[in-house]
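One-letter residues, chain by chain:
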Amino acid sequence: MESYSSGSKLIRNLVILGDFVLLNMLMLAFLQFFPEIVPRTIKDTPRFDFFFANLSLAVAEFFFHTIIHERRVSFDQIAVRALKMVLTHAAIFFILSRMYGENGGYFRFILIYTPIMYLLVLASRIIELFFLSRYRQMGGNTRSVLFVGSDPANKMLYEEFMSDPSTGYLVKGYFSNQEIENAPSGLEYIGSLDDFDEICRNDTQPNNKIDELFCCLSHDESERISKIMQYCDKNVIRFYYVPRMQGNLRLNLIPERFGTMTLFTNYDEPLTKIGNRFLKRAFDIVFSLVVCLILLPFIPIIALIIKMQSPGPIFFVQKRTGMNGQEFDCYKFRSMHVNKDADIQQATLDDPRKFPFGNFMRKTNLDEFPQFFNVLIGNMSVVGPRPHMLKHTEIYSELIDKYMVRHFSKPGITGWAQVSGFRGETKELWQMEERIKRDIWYIENWSFWLDLRIIGKTFWSIIKPDKNAY
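Thresholds, definitions, all that
- Residues numbered from 1 in each chain as written.
- Predicted model: local features only at pLDDT ≥ 70, side-chain atom pairs only at ≥ 80, totals over all residues.
- Heavy atoms only, no water.
- Helix = DSSP H or I, 4+ residues; strand = E, 2+ residues; numbered from the N terminus.
- Buried < 20%, exposed > 50% of the residue type's maximum accessible area, 1.4 Å probe, protein only.
- Contact = heavy atoms within 4.5 Å.
- Areas by Shrake-Rupley, 256 points an atom, 1.4 Å probe, with all protein chains shown as cover.
- Salt bridge = Lys/Arg side-chain N within 4 Å of Asp/Glu carboxyl O.
- Expected span 1.5 Å × (residues − 1).
- Axes fitted to C-alpha atoms, helices over the stretch in contact; angles between N-to-C directions.
- Parallel < 35°, antiparallel > 145°, perpendicular 65-115°, else oblique.
- Left-handed = near helix turned anticlockwise from the far one by under 90°.
- Nonpolar A, V, L, I, M, F, W, Y, C, P; charged D, E, K, R; others polar.
- Pairing = 2+ DSSP bridges.
- 1 Å grid on protein atoms, 1.4 Å probe; cavity = no way out; pocket = protein on both sides within 12 Å on 5 of 7 lines; lining within 4 Å.
- Points joined across faces, edges and corners; volume = space filled by probe spheres on them.
- Core = buried A, V, L, I, M, F, W, Y, C linked by side-chain atoms within 4.5 Å.
- Phe/Tyr/Trp six-rings, centres within 6.5 Å; stacked < 30°, edge-to-face > 60°.
- pLDDT = per-residue confidence, 0-100.

Undergrad: Can you walk me through the overall build of the protein chain in this structure?
TA: Across its full length, the protein chain holds 16 helices and 13 strands. Evaluated residue by residue, the protein chain yields a buried proportion of 45% over its 470 residues. Put simply, of all contacts in the protein chain between residues at least 6 apart along the chain, 71% involve residues at least 24 apart. Carbon and sulfur atoms make up 61% of the accessible area of the protein chain, which totals about 25,100 Å².

So this is what it looks like as structure tokens:
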């Protein structure tokens, strides 16, 4: 444990040191190559402003130091953390410099300096992550792990650890009264629960030092679980209880405070927080207004082409299932000839109902653009689970467990499932199941940065159409 902690602290401190190096190099670059941007006071007495810059960064690092060394952390979290650190640093630097300096120009300097500093820090985090990943893959800064129990949830957790070797988890194996069914070859069966009970009684270490233990036993084994926890506490091993699988479903429990008690819910929805809802809705309105203003001059041209190739209305209006299972009118540019199967049948690759320009619109997502009016109305969001036709909601809600969970969120013009390979026709049930898994993952892991990432991937699909777009 001590060697691991020391290694992680060293990594964190090296990254912090790198931030100070970047800061001072950036300040020198401004003085050397862009003196016209630098306030006169900084040029006349640079040592004071260098001191203020380093002092403000030290304060910012104290509150928002890097989390790059942590294993269960995404790049989005690292980027947000870096942004908070740079903004705090810039604000303190501006205040200190402005109080000292008699001349103006500080505000303009900070406006230019801050985004450059953030981009440099972000670039350094990418490079640092790369080298840290390689270092862990070679066996450095590792974390030894032991599993207890034969529940499939332990198998899933093992596969998640192994899917990203850069996290540095070394799984020693598992203790259980029976072997895990279809266990991966790397997940070694060590012994029975009685064997592990003996280890706990003798207070020894299985297969050398263990840093983390993941226990997935029935609540009926409460006495054994309690003894395992005591063993972990005594040997400075982090204990985690892994919720068991319920049939083929993974039971994800999230703690919530209820008075003095801790309860558990099966879904954590960031968008239940009013601040997150406000941020998402504000972005939806601003982004959709911009798109609608850009789109307005092209509507007559699109309308003319649609009319030339297929008689009927310009817009296709269809009832879809929205938030909380409520129906709403979803707008699209019509991409198919008017037909009686529009509300019950998905588009296929060589669907004869499509006309040429409609096929082009579908491949480039152009047919979805009128849904920005849905966003302004408020029954859709820019990003969210794609709304399904009523017939599909009726069918799949009976076939797929948790299908209706996707309706805890507003439907979106684009979504995580669509940009991660599950767009278009669902020929087999497993394809829809995978789509639903990604929709629920989005609801549970929403962040503003995730929305921006999905939007970026969607724009890329316009440039390079998805093979499943038809």
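Undergrad: Would you explain the pattern of salt bridges in this entry?
TA: Opposite charge on two side chains allows them to pair when their charged atoms are near. One pass over the structure, following the stated rule, counts 18 salt bridges. The closest approach of N and O atoms between Glu198 and Arg201, which form a salt bridge, is 2.6 Å. Within this pair, Glu198 and its partner Arg201 are both found in helix 7 (residues 193–202), separated by three residues, close to a single helical turn. Judged by its relative accessible area of 37%, Glu198 is partly exposed. Several salt bridges converge on common partners, so that one network encompasses Asp194, Asp197, Glu221 and Arg224.

Undergrad: Help me understand helix 3 (residues 46–64), please; the structure alone is not making it clear to me.
TA: Because an α-helix packs 3.6 residues into every turn, residues spaced three or four apart end up facing the same way. End to end, helix 3 covers 26 Å across 19 residues, agreeing with the expected 27 Å (1.5 Å per residue, within 8%). For helix 3, the full list of buried residues reads Asp49, Phe50, Phe52, Ala53, Asn54, Ser56, Leu57, Ala60 and Glu61.

Undergrad: How should the packing of helix 9 (residues 274–295) against helix 16 (residues 448–463) be read in this particular structure?
TA: Pairs of packed helices are described in terms of their axes, by the angle between the two and the distance that separates them. One can describe the packing of helix 9 onto helix 16 by two numbers: an axis separation of 11 Å at closest approach and a directional angle of 30°. By the angle between their directions, the pair helix 9 and helix 16 is classed as roughly parallel. The chirality of how helix 9 crosses helix 16 is right-handed. Contact residues: helix 9 offers Leu279, Lys280, Phe283 and Phe287, while helix 16 offers Phe448, Asp451, Leu452, Ile455 and Phe459. A breakdown of the residues in the contact of helix 9 with helix 16 according to their chemical character gives seven nonpolar, no polar and two charged.

Undergrad: Can you help me understand the sheet that holds strand 3 (residues 189–191) in this one?
TA: By way of backbone hydrogen bonds, the strands of a sheet pair with one another, either parallel or antiparallel. Pairing within the open sheet is parallel, and its five strands lie in the order 3-2-1-4-5. Two strands in the sheet have a free side with no partner beyond their single neighbour: strand 3 and strand 5 (238–241). Within the sheet, the average angular offset between the axes of one strand and its neighbour, ignoring direction, is 30°. Bridge analysis of strand 4 (residues 212–215) against strand 5 gives four bridges, and the strand direction is parallel.

Undergrad: Looking at this model, I keep getting lost on empty space enclosed by the protein. Mind explaining?
TA: Overall, the coordinates contain one cavity of 30 Å³ or more when judged by the stated rule. What the largest cavity holds in volume is close to 40 Å³. As for the largest cavity, its lining consists of Phe64, His65, Thr66, Ile67, Ile78, Arg81, Ala82 and Arg125. For the lining of the largest cavity, the element with the highest residue contribution is helix 4 (residues 75–100), accounting for three residues.

Undergrad: Quick question: what am I supposed to make of the environment of Pro370 here?
TA: For Pro370, the position within the fold is in the loop between helix 11 (356–364) and helix 12 (371–377). The sequence separation of Pro370 and Ile299 amounts to 71 residues, and the corresponding C-alpha distance is 9.6 Å. Here Pro370 is in contact with Phe315, Tyr331, Lys332 and Phe333, once residues within four sequence places are set aside.

Undergrad: Just checking my understanding: could you explain the nonpolar core for this structure?
TA: Looking at soluble globular proteins, one finds that nonpolar side chains tend to be buried together. Counting 33 residues, the largest nonpolar core has Ile302, Ile306, Phe333, Phe372 and Tyr442 as its most contacted members. Looking at this core, the element that brings in the most residues is helix 9, giving five residues. Excluding anything up to four places from it in sequence, Tyr442 contacts Lys280, Val383, Gly384, Pro385, Ser409, Trp416, Leu450, Asp451 and Ile454. Within the second largest apolar cluster, 26 residues are counted, among which are Phe52, Ala53, Ala79 and Val121.

Undergrad: Which parts of the structure should I look at to understand the packing of helix 4 against helix 5 (residues 106–137)?
TA: Running from N to C, helix 4 and helix 5 point in directions that differ by 150°, and their axes come no closer than 9 Å. Of the possible angle classes, the one that applies to helix 4 and helix 5 is roughly antiparallel. Regarding helix 4 and helix 5, the two cross each other, and that crossing is right-handed. Residues that form the contact of helix 4 with helix 5 fall into these classes: 22 nonpolar, three polar and two charged.

Undergrad: Help me understand the packing of aromatic side chains in this model?
TA: Each aromatic ring pair is summarised here by two numbers: the centre-to-centre distance and the angle between the ring planes. Applying the stated criterion across every chain, the model contains 27 aromatic pairs. Consider the rings of Phe93 and Phe109, whose centres lie 6.5 Å apart with planes at 80°: the pair is edge-to-face. Taken together, the positions of Phe93 in helix 4 and Phe109 in helix 5 put the pair 16 residues apart, joining distant regions of the chain. Under the relative-accessibility criterion, Phe93 is labelled buried at 2%. When the centroid spacing of 5.4 Å and the interplanar angle of 75° are considered together, the rings of Phe130 and Phe131 count as edge-to-face.

Undergrad: I would appreciate a short explanation of the pairing of strand 11 (residues 327–333) in the present structure.
TA: Walk down a regular strand and you will see the side chains alternate between the two sheet faces. Note that strand 10 (residues 315–321) and strand 11 share seven bridges and pair antiparallel. Residue pairing across strands places Val317 opposite Tyr331, the latter belonging to strand 11. Connecting strand 10 to the next strand, strand 11, in antiparallel fashion are five residues, including Asn324 with a positive phi near 60°.

Undergrad: For this particular structure, what's the right way to read the confidence of the model for the protein chain?
TA: Any segment with low pLDDT has predicted coordinates that should not be analysed in fine detail. Scored by pLDDT, the protein chain has a mean of 84; 89% of the residues are at 70 or more. Looking at the elements of the protein chain, mean pLDDT is at its lowest for strand 7 (residues 249–250), recorded as 56, and at its highest for strand 12 (residues 381–383), recorded as 95. Long-range and interchain partners of residues 1–5, a stretch whose pLDDT sits below 50, account for nine contacts in this model, where long-range means more than four residues apart.

Undergrad: How should I be thinking about unusual backbone geometry in this particular structure?
TA: Here the phi dihedral of Asn182 falls at roughly 55°; this positive angle occurs in a residue that is not glycine. Here Asn182 is to be found in the loop between strand 2 (169–175) and strand 3. Phi angles above zero are rare outside glycine, and Asn365 is one such case at about 70°. Tracing the backbone through its elements, the reader meets Asn365 in the loop between helix 11 and helix 12.

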